[in-house]
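Geometric and topological summary
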Amino acid sequence: MLDSRYSAGLWPKIPRHLIVIWLAGLMSTSIWALELSRTLLDYIDNRFGSSATQRLIDWQTLANSNLDRQAIEKLNDVNAFFNQATFISDKKHWGSEDYWATPVELLATNGGDCEDYSIAKYFTLKEMGIPEEKLKITYVKALKLNQAHMVLTYYSTPKSTPLILDNLIPEIKPANRRPDLQHVYSFNGDNLWLSKKGRRSTLVGTSDQLKPWVQLQSRIESQDY
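All values derive from a computational prediction rather than experimental measurement. All residue numbers refer to positions counted from 1 along the written sequence of the respective chain. Residues qualify for local features only when their pLDDT is at least 70, as the model is predicted, and side-chain atom pairs are given and counted only at 80 or more; totals for whole chains, interfaces and linings, by contrast, use all residues. In computing side-chain properties, one takes all heavy atoms of the structure into account and sets aside hydrogens as well as water.

Some details on the packing of aromatic side chains
What counts here: Centres within 6.5 Å make a pair out of two Phe, Tyr or Trp rings, where for Trp the six-membered ring is used; the pair is then stacked when the planes are under 30 degrees apart, edge-to-face when over 60, and tilted otherwise. Whether a residue is buried, partly exposed or exposed follows from its accessible area with a 1.4 Å probe, protein chains only, as a fraction of its type maximum: under 20%, in between, or over 50%, in that order.
Considering all chains together, one arrives at 6 aromatic pairs under this definition. Relative to tyrosine 99, the ring of tryptophan 94 lies with its centre 4.2 Å away and its plane at 35°, an arrangement referred to as tilted. For the ring pair tyrosine 122 and phenylalanine 123, a centre distance of 5.3 Å and an interplane angle of 70° mean the geometry is edge-to-face. We note that tyrosine 122, like phenylalanine 123, is buried. The rings of Trp100, Tyr139, Tyr185 and Phe187 are connected pair by pair, giving a single aromatic cluster.

Below is the structure:
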């Protein structure tokens, strides 16, 4: 469960120079081994406790293990791993209306919202060798909840029906078996697509048009906190 000291935006954010140590490789299109520094792990242990440190070690093991497995096995493992975190709104967790957390921030606090789950899954699957062009962070409308939602989608081929990795349900299902979700837009490290009649259709530009995505990458890349 989420530690109460991390709620209401009161828990300390992770110094950005430590985030850079482990995430530089995740921003690249090439595959890097995920190597968490002792400095980062010691910091997490001191500020968030041994359980948080273990979650990061488990993440490192997952990201670096059996990279030659089938894609669906990687999808299932990553989806299940991050869905263990507690759902908590940005307002309660960060004191902000819309904050896109890094995977380390999600794991350190064991909490986040739908954007945070999707971002963590995206970067981890890239690290495990899933090509970026097959992954899309996808903004949808959850029709039963009547609210905005975000998931990660995986396309085995450019024209195939995507599989949906979602924190609302444990199973990975194809989009045609998720009538409760209506596509609005999707993006990855390069591009941005808009929807037509609830399906991804039109490439409209690059993902740097999305301010939260740009801010997330800036926090990862900058050494100034």
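Topic: the packing of helix α3 (residues 50-64) against helix α4 (residues 71-82)
We count it as follows: Orientation is described by lines fitted to C-alpha atoms, with helices fitted over the stretch in contact, and by angles between N-to-C directions that extend from 0 to 180 degrees. Numbering goes from the N terminus for both helices and strands, where a helix is a DSSP run of H or I of at least four residues and a strand is a run of E of at least two. If an angle is under 35 degrees, it is roughly parallel; if it is over 145, roughly antiparallel; if it lies from 65 to 115, roughly perpendicular; otherwise it is oblique. Contacts are residue-level and defined by heavy atoms, with any inter-residue pair within 4.5 Å sufficient. Classification used: nonpolar for Ala, Val, Leu, Ile, Met, Phe, Trp, Tyr, Cys and Pro, charged for Asp, Glu, Lys and Arg, polar for all others including Gly.
Contact geometry for α3 and α4: axes closest at 11 Å, N-to-C directions at 175°. Of the possible angle classes, the one that applies to α3 and α4 is roughly antiparallel. Each of Arg55, Asp58, Trp59 and Leu62 in α3 lies in contact with α4, whose residues at this interface are Asp77, Val78, Phe81 and Phe82. For the contact of α3 with α4, a count of residues per class yields 5 nonpolar, no polar and 3 charged.

Some remarks on the nonpolar core
Defined as follows: Nonpolar cores were defined as sets of buried Ala, Val, Leu, Ile, Met, Phe, Trp, Tyr and Cys residues, with membership established by side-chain atoms within 4.5 Å.
Residues Ile44, Leu56, Trp59, Phe82 and Leu125 are the most contacted members of the largest nonpolar core, which totals 40 residues. Listed by contribution, the elements that provide at least two residues to this core are α2 (38-48), α3, α4, α6 (103-109), α7 (114-127), β3 (135-142), β4 (147-154) and β7 (181-187). Of all the elements, α7 adds the most residues to this core, at 7 residues. In contact with leucine 56, other than residues within four places in its own chain, are Leu36, Leu41, Ile44, Val104 and Leu107. The next biggest cluster of nonpolar side chains, apart from the first, holds 5 residues, and it includes Val140, Ala142, Ile164 and Leu181.

Brief notes about the pairing of β4
Applied cut-off: DSSP calls a pair of strands paired once it identifies at least 2 bridges connecting them.
The buried fraction of β4 is high, at 6 of 8 residues. By the bridge criterion, 8 bridges tie β3 to β4 in an arrangement that is antiparallel. In the strand pairing of β4, isoleucine 137 is matched with leucine 152. Pairing geometry for β4 and strand β5 (residues 163-165), over 3 bridges, is antiparallel. Bridge pairing in β5 places leucine 152 opposite leucine 165.

Digging into the pattern of salt bridges
Quick note on the threshold: Think of a salt bridge as a Lys or Arg side-chain nitrogen and an Asp or Glu carboxyl oxygen that are within 4 Å of each other.
For the coordinates displayed, the defined rule picks out 6 salt bridges. A salt bridge links lysine 126 to glutamate 132; the nearest nitrogen and oxygen atoms lie 3.4 Å apart. Bridged by salt links that share partners, the residues Asp166, Arg178 and Asp180 form one connected network.

Comments concerning α2
Because an α-helix packs 3.6 residues into every turn, residues spaced three or four apart end up facing the same way. Quick note on the threshold: The reported arc concerns the directions from the helix axis to the C-beta atoms and nothing else.
The set of residues buried in α2 consists of Leu40, Leu41, Tyr43, Ile44 and Phe48. Projected onto a plane normal to the axis of α2, the buried residues spread over an arc of 160° and lie on a single side. Seen from the buried face of α2, the exposed residues on the opposite side, beyond 90 degrees, are Arg38 and Asn46.

Some words on α7
This is how it is decided: Any helix carries an expected span of 1.5 Å times its number of residues minus one.
The terminal C-alpha atoms of α7, which comprises 14 residues, lie 20 Å apart, in line with the 20 Å expected from a rise of 1.5 Å per residue. Most of α7 sits out of view: 14 of its 14 residues are buried. Positive phi appears at glycine 129, one or two residues downstream of α7, with a value of about 95°.

With respect to the packing of α4 against α7
What counts is decided by this rule: By convention the crossing between two helices is left-handed if the near helix lies anticlockwise of the far one by an angle smaller than a right angle, and right-handed if it lies clockwise.
Their axes nearest at 10 Å, the elements α4 and α7 cross at an angle of 140°. Crossing angle aside, the handedness with which α4 passes α7 is right-handed. Between α4 and α7, the contacting residues are Lys74, Leu75, Val78, Asn79 and Phe82 on the first element and Tyr117, Ala120, Lys121, Thr124 and Leu125 on the second.

Treat this as a map of the structure, not an account of what it does.
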